[in-house]
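# Inside the fold
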Amino acid sequence: CIERILEHVILVGDLNIAHKPHDRFWKWRPVCIERILELASQGEPGWVMDVQKHWPKVERALKTREAVPRRTTNVATKTVFEKFQVRVTNNGKQLFLGKAEATKEEALAYYDIFGEEGESPCEVVISVDILIELMHKVAGVGWSMAEERALAESDAVVWNTSKATMWLNKMIDNDGMVDAFRKFYPTAEARFTVWHQ
């Protein structure tokens, strides 16, 4: 029983949780559209104003999303795969988003960004890379790498979005624990890896 141990205990292991924004590759960080729109009301320049101007168009396109069959071929082996890709309608034109995935559910999951009403202050949470793709393909807006990075470092980034992440952060904070990796490498980024299981 841990309570009876009188020495310090170190919790180790792969918890498969990126518990701080810098643990995740910057393009995969989740951002809150409502926060971006708040920044726009404060007169923030550049990418913020682009999102404010074009978000209604992006939102309309996303409401038409569907997963459609796509045939892909491995160029080396010539093996053909039956997959699914997201398609939206924008101004009467059909656009493909993302890449072909093994199932309809997996293809749609990247664009299932609308939360349940009242679930959190951020009802629309989207990863930086998906927002970049939508702004480019739906709104025709391209950002520089500096603007994309500014988005990933902005106050629009949300964290603690999963119960597991909230649990880990609470445990670390309440028990005075130290993330040993973060202690020795405070500015390291994207050191967390994840794979579909």
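Heads up: the structure comes first, above all this text.
Rules of the game
- Residues numbered from 1 in each chain as written.
- Predicted model: local features only at pLDDT ≥ 70, side-chain atom pairs only at ≥ 80, totals over all residues.
- Heavy atoms only, no water.
- Salt bridge = Lys/Arg side-chain N within 4 Å of Asp/Glu carboxyl O.
- Helix = DSSP H or I, 4+ residues; strand = E, 2+ residues; numbered from the N terminus.
- Buried < 20%, exposed > 50% of the residue type's maximum accessible area, 1.4 Å probe, protein only.
- Pairing = 2+ DSSP bridges.
- Axes fitted to C-alpha atoms, helices over the stretch in contact; angles between N-to-C directions.
- Contact = heavy atoms within 4.5 Å.
- Expected span 1.5 Å × (residues − 1).
- Bend = angle between axes of the 7 residues up to and from the residue.
- Disulfide = S-S within 2.5 Å.

Next up on the list: the pattern of salt bridges. Here the structure, examined in full by the defined rule, presents eight salt bridges. A salt bridge links Lys 27 to Glu 148; its shortest N-O distance comes to 3.7 Å. With Lys 27 in the segment before strand 1 (30-32) and Glu 148 in helix 5 (residues 145-152), this pair connects stretches of sequence that are 121 residues apart. Judged by relative accessible area, which is 9%, Glu 148 ranks as buried. In this structure, Lys 137 and Glu 133 form a salt bridge, with 3.1 Å as the shortest nitrogen-oxygen distance. Here Glu 133 and Lys 137 lie together in helix 4 (residues 128-137), a separation of four residues that amounts to about one turn. Residue class for Lys 137 comes out partly exposed when judged on its relative accessible area of 35%.

Turning our attention to the environment of Thr 165. Here Thr 165 lies in helix 6 (residues 163-174). Overall, the relative accessible area of 9% leaves Thr 165 in the buried class. Each C-alpha atom, one on Thr 165 and one on Lys 20, is 8.6 Å from the other, the two residues being 145 residues apart in sequence.

As summarised here, the arrangement of the three strands in space is 2-3-4, forming an open sheet in which the pairing is antiparallel. Edge positions in the sheet fall to strand 2 (66-73) and strand 4 (93-101), since each has one partner strand and no second. Strand-to-strand twist of the sheet, defined as the mean angle between neighbouring strand axes without regard to direction, takes the value 40 degrees. As judged from the six bridges shared by strand 3 (residues 80-90) and strand 4, these two strands associate in the antiparallel manner. For Arg 87, the partnering residue across the bridge sits in strand 4 and is Phe 96. Packing against the sheet, helix 2 (residues 47-62) makes contact with strand 3 and strand 4, and its axis sits at approximately 135 degrees to strand 3. Seen against the sheet, helix 4 touches strand 3 and strand 4 and runs at an angle of roughly 155 degrees to strand 4.

Turning our eyes to something else, we now look at helix 2. An ideal rise of 1.5 Å per residue puts 22 Å on 16 residues; helix 2 reaches only 20 Å between its terminal C-alpha atoms. At His 54, helix 2 is bent by approximately 55 degrees, the largest bend along its length, and proline Pro 56 sits one to four residues beyond. Taken as a whole, helix 2 has its buried residues at Trp 47, Val 48, Val 51, His 54, Trp 55, Val 58, Ala 61 and Leu 62. Turning to helix 2, the residues buried within the fold contact helix 1 (33-41), strand 3, strand 4, strand 5 (125-127), helix 4 and helix 5.

Attention shifts here to the pairing of strand 3. In terms of strand pairing, strand 2 meets strand 3 through eight bridges, oriented antiparallel. Within strand 3, the position partnered with Val 68 by the bridge is Gln 85. Taken together, strand 2 and the strand that follows it, strand 3, pair antiparallel across an intervening segment of six residues, in which Lys 78 is found at a positive phi of about 65 degrees. Count of turn residues in the strand 3/strand 4 antiparallel hairpin: two residues, of which Asn 91 carries a positive phi of about 55 degrees.

Taken as a whole, this structure holds one disulfide when the rule is applied. In this model, Cys 32 is linked to Cys 122 through a disulfide, with the two sulfur atoms separated by 2.2 Å. Taking the sign of the torsion about the S-S bond as the criterion, the disulfide between Cys 32 and Cys 122, at about -100 degrees, is left-handed. With a gap of 90 residues between them, Cys 32 in strand 1 and Cys 122 in the loop between helix 3 (104-109) and strand 5 connect regions that are remote in the sequence. We note that Cys 32, like Cys 122, is buried.

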